[in-house]
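So the chains spell out like this:
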Amino acid sequence: MSDRSQLIETGTPFTFDAQRDAEFERLVKRYPTRESMILPSLWLVQEQEGWISAEAMAYIADRIGTFASKVFEAATFYTMYNLRPMGKYHICVCRTLSCYLLGKQEIVDFLNREIGIKPGEVSSDKMFSLEEVECLGHCGSAPVVQVNGEFYENMDVEKLKELLATLN
Amino acid sequence: MEVKILSAKFDIEGAHNIEVAKEHGAYATLDKLFTMDPAEVTTIVKDSGLRGRGGAGFPAGLKWSFLPKDLDKPVYLCVNSDESEPATFKDRYILVRDPHMLIEGIIICCYAINCQDTYIYIRGEYTSQVKILQAAIDEAYAAGYLGEKACGQDFRIDVTVHRGAGAYVCGEETALLESIEGKKGQPRSKPPFPAVEGLYGCPTIINNVQTIASLPFILAQGADAYKAHGTEKSSGTHLFGISGLVQKPGMYELPLGLPLLEVLDKVAGGLREGRTLKGVIPGGSSTPVLTPEEAQTVTLDYESMAEHNTMFGSGGIVVLDDTVDIVKLVENLIYFYHHESCGQCTPCREGLGWMLKIVKKIIRGEGSTKDIDLLLELCDNIEMKTVCVLSAACTMPVRSYLNKFRHEFEAYVAGGASSQSAM
Amino acid sequence: MAEKIKLFVNGQEVEVESGKNLVDAIGAVGIEIPHLCYHPALGADGNCRMCLVGIEDGRPPLVPACKTRAVEGMKVQLDTDKIRKIQRDVMEFELVNHPVDCPVCDQAGECKLQDYYMQYDGQKSRMSVPQVRKAKHLDFGCGVIHDQERCILCARCVRFTRMITKTGELGIVNRTDYARVTIFPGRPLANRYALNVVDLCPVGAMTSQDFRFKQRAWFLTKSKSICHGCAKGCNIFIDHNREKYKDDIIYRFRPRLNEQINGYFMCDEGRMSYKLENEQRLTKPVLNGKVADFGTTVEGIRRALSQAQKMLFVVSPNCSLEEMRAIQQFAASQNATLSGYSDGYIKQGDGDDYLIQDDKSANRAGLELLGIDSSKTGFETAVAEADLLISFQNDLTRTLGAEACNQLKERMVLISIGSHEDSLTQMAAIMLPVASYSEKDGTIVNADRILQRYAVAVEKNAPPVTLIQAVAQLGGEITSLESAWDDLNTVVAGLNKVDFAQIPEQGLALTDSEVSNVAA
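Residues numbered from 1 in each chain as written. Chains lettered and ligands numbered in written order. Predicted model: local features only at pLDDT ≥ 70, side-chain atom pairs only at ≥ 80, totals over all residues.

Student: Got a minute to help me understand the overall build of chain A in this structure?
Tutor: Within chain A, the regular secondary structure consists of seven helices and four strands. The N-to-C order of helical and strand elements in chain A reads α-α-α-α-β-α-α-β-β-β-α. With respect to the principal axes defined by its C-alpha atoms, chain A has extents near 50 × 35 × 30 Å. Within the span of chain A, comprising 168 residues, buried residues form 46% of the whole. (Helix = DSSP H or I, 4+ residues; strand = E, 2+ residues; numbered from the N terminus. Buried ≥ 20, exposed ≤ 12 C-beta atoms within 10 Å, placed from the backbone.)

Structure follows, in structure tokens:
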């Protein structure tokens, strides 16, 4: 965890595209209170934009009819919400327990060498971002790496090389 | 040693599709279900001895019976699929390989507790898994198992998937409720318990995925058939996740009560070549570690674990061999719990970060014996002083490492940074 | 009265009110359970863990007192080694990442962390690793400055904006020890009660831009009073100090608990109205454009009165009941018409459904109680004939406008007896300065017809003459509060049963049946 409270403003108002708008309207009927839409809405923004700006949070707050501070709280509490633009390929390396025991550090070190970024950084060409994350629930096939949501299990440096070769 | 009750369809190609699942018996219990009185269903579940498979092991049927009887509010069912305890990955198999078993279980539970709205809270990290689950739910709606006239009955069942977004604490049932309500996942003080005042202030049952998924078998085969597996007090089977430094890590369905070391040897292939056992984490990262000596006598059930001053937990077993640096492992664990502390209660919020910095200081070779003692004292000072047990989930195992492997901490203190490579 | 129940605290039987939580129930009989996040107006949150108490034979045996209802026969343990250790431990956790910058912190002297450290902790810091760093001096708007490092994350401020003002500007973002209170970018505090978060904050995390670095809390004298900013009559503390070689100055107002009036809070406008008590004060009498001494000016007024044909006295809706009665009595003796016309003190639509009233005067109900005509027509009829007008603290320019008052000045003798320099005093031929409410005693009746008494708070180096004394010097019969009440008890039916000396601290509700106009 680091401080996630420094939001980025794009300078332009946010709005859902037609697809997310429809999804919002579908989901909102599923909950007895509109505030329940805070997490799903943040996901919709992230699907649409890849990350969540201050304007998007304000949009969600106003659309739901709640305080922007509540959306801000949720967006910073849940660490999967990207609060800044990530690389085209967002690589998450599990750092916890079983993945730790089975060599997640070698994977992080390798990625550091190969793509030149440390956990928490985005490569200058915006192709990659790297993050160490907590347990991904794939302990039986550790170590595990997630790229744009897809899981890659039983990873080692060799497999990682092959994977990186496909990411372009 | 393995049995196939919950995992019966796991190896069937395409069993996440409703047609394949139905060919192999999915939704077959429903005809029987609707001939029964809801109270009868609860009784069968009680009789089966099914205990909550999320980690606490609370009897499932008993939990349901805490719902107030004369209700003027809706009842909610929340299926806990947050599965975020390190070393736990069992529910993922159900979500991906047999989601219709879960949906069938939800229908059974909804009928038993008279619930119309179910929320499946799935951890945000399960990105591809949530798609499979949602597709299965959509199939169930299309087939009429869910919706306005669910299963052809005069009974509505709606199932909504609610995605978390990276917060371990949301596996705690009241944090999960807060999260569905759109808030930060900060656990609530109890009482009131969710069965009385839960989601949106209404009576709510929160059950783990595996618990709910066990219901079709129990209903179909009866309580006795379920109790035929396991021990008297820990009945049935469990999806054990075995990971760490073993030959064949993975998910294995086993009856409760088997000897731990035998399982590690025969099921998980034993230790890697030339290695010796240093310890076993028996039920997820929050359970106190067992030494090789303790591991020799423990069996995989709630009672034996308690006798060994640890917990069955989520059944996520992690094997530690002689290559493991316990001090760095502890750093890894405290890092996790500090990272995941919701930040609500003072002792957990301030204490875990303090503990992490002390361990780092020890690893840097700047620590003293006093720091080891301080860590131990902080475990006591934090534990059970907070709204939820997240802090205890850290302090209980950390204390066990400090007590059982103190010499490793002392070596760092004595040797300084030069003798150890900092990670 | 609430039902009483008996329970045990540290083995000793105590009788407490039922239905309350342990902090309040036991606190009411003088036994403190330390707490940081709990506040009676904001409910129990349970995050600080400072109020954990033992319950003998309880399940569970350790509970947060703020979340636990007092129950008959309960055995509460506060003085056990276990509980004392928990209190010490929680304090240690509160302080590990706290900057302990008390020497430069405005909260010093009224800080719960300081108090509890002395009372429940007292041990040396065992923190030998770097602290968490956060942001300082954040401008949250509305004059509220926040220090994230001093903050203990009790969430009182957050709950205030969500539960009381329902504006929700504040939130706690992040989690673990990175958690911090903040505002959403571009949406700062924007409510009329925002400064209450400064009082609510148990530590020095929320400070007032206006007050910070002005005074150390322990130098301030905290005097009870009533805010005169509007017709609500919020109970306040006037915090003032007479520094060496200086005069007694007010540094801040703070709300004072009164359940039937303002609860724990007050509005920012009222809070900042302390400045009016310090500033633009009239100190020197003026007679025909020249500064004169008080006695000479009084003589001047008397002379003007004796020469006038038709006199109109205008009384302020901010005057106390006693002053109103003194003026009323004096007007009758002088055969002067008395008006309370002061529509300009009402800001239509400005009030809310909480504390702020449209009526920006403190005692309009007093005018009604005494049967003083406040109508526009009454005033217009009287002023048309008058050749002399005395304003008793009533700034008529607020009601009539400056131009109309200037015209009045041309055709009659305009006299102003007041505490503050305003547009009218500048026009007056004769001006007599008197005390303002922080410098005198009196009673007022608020918009809900609650009678409240206030007393002298500030003692100026040169104490100003009170309005009652001034009226007496002009020839009025009433010379003191006591003599005013002898009168009020007889002539105001609604007040005939009121014992001035016995007005309770929380005020006296005057029922409608008691309120009827003066007979004479």
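Student: Honestly, the overall build of chain C in this entry has me stumped. Any pointers?
Tutor: On a plain count of helices and strands, chain C comes out with 16 helices and 23 strands. A principal-axis box enclosing the C-alpha atoms of chain C has dimensions of 85 × 50 × 40 Å. Buried residues in chain C amount to 50% of all 520 residues. Of the contacts made within chain C by residues no fewer than 6 positions apart, 65% connect residues no fewer than 24 positions apart. (Contact = placed C-beta atoms within 7 Å.)

Student: Help me understand unusual backbone geometry, please; the structure alone is not making it clear to me.
Tutor: Across the chain, the bulk of peptide bonds are trans and the bulk of non-glycine residues have phi less than zero. Each neighbour pair has its own omega, and for Lys-190 of chain B with Pro-191 of chain B the value is 0°, a cis peptide bond. Pro-191 of chain B connects to Pro-192 of chain B through a cis peptide bond whose omega is 0°. Its identity is not glycine, yet Arg-49 of chain C carries a phi of approximately 70°, on the positive side. Secondary-structure assignment places Arg-49 of chain C in the loop between helix H1 (22–27) and strand E3 (52–55). Judged by the 27 C-beta atoms lying within 10 Å of it, Arg-49 of chain C falls in the buried class. Even without a glycine there, the phi angle at Asn-174 of chain C is positive, about 65°. Here Asn-174 of chain C lies in the loop between strand E8 (170–173) and strand E9 (180–183).

Student: Whenever I open this one, the pairing of strand E21 (residues 442–445) of chain C confuses me. Can you help?
Tutor: For a regular strand, side-chain orientation follows a simple rule: the groups alternate between the two sheet faces. Residues and elements named next belong to chain C. By the alternation rule, side chains of E21 split into Gly-442 and Ile-444 and Thr-443 and Val-445, which are all buried. Across four bridges, the pairing between E21 and strand E22 (residues 450–454) is antiparallel. Counted as the bridge partner of Thr-443 is Arg-453 from E22. In this structure, the hairpin formed by E21 and E22 is closed by a connection of four residues, where Arg-449 is found at a positive phi of approximately 60°. (Pairing = 2+ DSSP bridges.)

Student: Would you take a moment to explain the sheet that holds strand E2 (residues 128–133) of chain A for this structure?
Tutor: The strands making up a sheet associate through hydrogen bonds between their backbones, and the pairing can be parallel or antiparallel. All names here are of chain A. Here four strands make up an open sheet; going across it, the order is E2-E1-E3-E4 and the pairing mixed. For this open sheet the edge positions go to E2 and strand E4 (150–152), each flanked by a neighbour on one side alone. Strand-to-strand twist across the sheet, computed as the mean angle between neighbouring axes with direction ignored, equals 25°. With three bridges connecting them, strand E3 (residues 145–147) and E4 associate as antiparallel partners. Counterpart to Gln-146 in the pairing with E4 is Phe-151. Together, strand E1 (89–94), E2 and E3 form the strand contacts of helix H6 (residues 104–115), whose direction differs from that of E1 by roughly 155°. (Axes fitted to C-alpha atoms, helices over the stretch in contact; angles between N-to-C directions.)

Student: Can you walk me through the domain arrangement of chain C in this structure?
Tutor: Many analyses report the size of an interface as the accessible area lost when the parts associate. In terms of domains, chain C is made up of domain 1 (4–79), domain 2 (95–208), domain 3 (217–278) and domain 4 (286–514). For domain 2 of chain C versus domain 4 of chain C, the separation of C-alpha centres amounts to 44 Å. (Domains from an automatic or database assignment.)

Student: It is not clear to me how the interface of chain A and chain B should be interpreted in this structure. Could you clarify?
Tutor: Contacts between the two partners involve 35 residues from chain A, matched on the other side by 45 residues from chain B. Of all the elements in the fold, those that place two or more residues in the side of chain A that touches chain B are helix H2 (38–49), helix H4 (68–77), helix H5 (97–101) and E4 of chain A.

Student: Could you clarify how one ought to interpret the domain arrangement of chain A in this entry?
Tutor: Domain annotation of chain A identifies domain 1 (18–77) and domain 2 (89–166). A straight line from the C-alpha centre of domain 1 of chain A to that of domain 2 of chain A covers 29 Å.

Student: Sorry if this is basic, but what is going on with the packing of H2 of chain A against H4 of chain A here?
Tutor: Residues and elements named next belong to chain A. The N-to-C vectors of H2 and H4 enclose an angle of 70°; their axes lie 10 Å apart at closest approach. Taken together, the axes of H2 and H4 are roughly perpendicular relative to one another. Helix-helix and strand crossings are classified by hand; for H2 and H4 the assignment is right-handed. Contacts between H2 and H4 involve Ile-38, Leu-39 and Leu-42 on the former and, on the latter, Lys-70, Val-71, Ala-74 and Ala-75. Considering only residue class, the contact of H2 with H4 consists of six nonpolar, no polar and one charged. (Parallel < 35°, antiparallel > 145°, perpendicular 65-115°, else oblique. Left-handed = near helix turned anticlockwise from the far one by under 90°. Nonpolar A, V, L, I, M, F, W, Y, C, P; charged D, E, K, R; others polar.)

Student: Looking at this structure, how should I read the interface of chain C and chain B?
Tutor: At the junction of the two partners, chain C supplies 24 residues and chain B supplies 23 residues. It is helix H2 (residues 81–96) of chain C that contributes the most residues to the side of chain C that touches chain B, six residues altogether. In terms of residue class, the side of chain C that touches chain B is built from twelve nonpolar, five polar and seven charged.

Student: Would you explain the nonpolar core in this entry?
Tutor: Counting 336 residues, the largest nonpolar core has Leu-42 and Met-57 of chain A, Cys-78, Ile-107 and Ile-334 of chain B together with Phe-313 of chain C as the members making the most contacts within it. Here this core gets eleven residues from one element, more than from any other, and that element is helix H6 (residues 99–113) of chain B. In this structure, Ile-334 of chain B is in contact with Leu-352, Met-355, Leu-356, Val-359, Cys-394 and Val-398 of chain B, ignoring residues within four places of it in sequence. (Core = buried A, V, L, I, M, F, W, Y, C linked by C-beta atoms within 7 Å.)

Student: Whenever I open this one, helix H8 (residues 173–180) of chain B confuses me. Can you help?
Tutor: Since the α-helix turns once every 3.6 residues, residues separated by three or four places project in the same direction. Taking burial as the measure, the eight residues of H8 of chain B include seven buried ones, the bulk of the element. When we look at burial in H8 of chain B, the residues that qualify are Glu-173, Thr-174, Ala-175, Leu-176, Leu-177, Ser-179 and Ile-180 of chain B. Tucked into the core, H8 of chain B has its buried residues touching H2 of chain A together with strand E1 (76–81), strand E2 (117–122), strand E3 (158–163) and strand E4 (204–208) of chain B.

Student: Explain the sheet that holds E21 of chain C to me, please; I cannot follow it from the model alone.
Tutor: Spatial ordering of the open sheet is given by E21-E22-E23 (chain C), a layout of three strands whose pairing is antiparallel. Among the strands making up the open sheet, the edge pair consists of E21 and strand E23 (508–509) of chain C.

Student: Even after reading the chapter, I still don't get the packing of H2 of chain A against helix H3 (residues 54–64) of chain A, so can you show me in this structure?
Tutor: Two quantities define a packed helix pair, namely the angle between the axes and the distance from one axis to the other. Residues and elements named next belong to chain A. Packing of H2 against H3 brings their axes to within 10 Å, and their N-to-C directions diverge by 140°. Of the possible angle classes, the one that applies to H2 and H3 is oblique. By crossing handedness, the relation of H2 to H3 is classed as right-handed. Across the interface between the two elements, Ile-38, Ser-41, Leu-42, Val-45 and Glu-49 of H2 pack against Ala-56, Ile-60 and Ile-64 of H3. Counted by class, the contact of H2 with H3 contains six nonpolar, one polar and one charged residues.

Student: Would you mind showing me how to read the pairing of strand E18 (residues 388–392) of chain C here?
Tutor: All names here are of chain C. Taking burial as the measure, the five residues of E18 include five buried ones, the bulk of the element. Neither face of E18 is left uncovered, since the one carrying Leu-388, Ile-390 and Phe-392 and the one carrying Leu-389 and Ser-391 both have all their residues buried. Inspection of the sheet shows strand E16 (residues 311–315) paired to E18 by five bridges, in the parallel sense. Counted as the bridge partner of Val-315 is Phe-392 from E18.

Student: Mind showing me how you'd approach the environment of Arg-256 of chain C here?
Tutor: Residues and elements named next belong to chain C. Examined against the element boundaries, Arg-256 turns out to sit in the loop between strand E13 (248–255) and helix H6 (268–272). Among the residues examined, Arg-256 registers 20 C-beta atoms within 10 Å and is labelled buried. The contact partners of Arg-256, leaving out residues within four places of it in the chain, are Lys-224, Asn-235, Ile-236 and Phe-237.

Student: Explain the environment of Pro-433 of chain C to me, please; I cannot follow it from the model alone.
Tutor: Residues and elements named next belong to chain C. Tracing the backbone shows Pro-433 in strand E20 (residues 430–433). Put simply, Pro-433 and Thr-207 are 226 residues apart on the chain and 35 Å apart in space, counted from C-alpha to C-alpha. Leaving out residues up to four positions away in the same chain, Pro-433 has contacts with Leu-282, Thr-283, Lys-284, Pro-285, Ser-419 and Pro-464.

Student: For this particular structure, what's the right way to read the confidence of the model for chain C?
Tutor: Low pLDDT marks regions whose predicted coordinates should not be analysed in detail. Residue and element names in this part refer to chain C. Of the residues in chain C, 98% reach a pLDDT of 70 or more, and the chain-wide mean stands at 95. Of the regions scoring below 50 in pLDDT, residues 513–520 engages in 15 contacts with residues more than four places distant in sequence or in other chains. Overall fold confidence (pTM) sits at 0.95, and the ipTM for the predicted complex is 0.97. (pLDDT = per-residue confidence, 0-100.)

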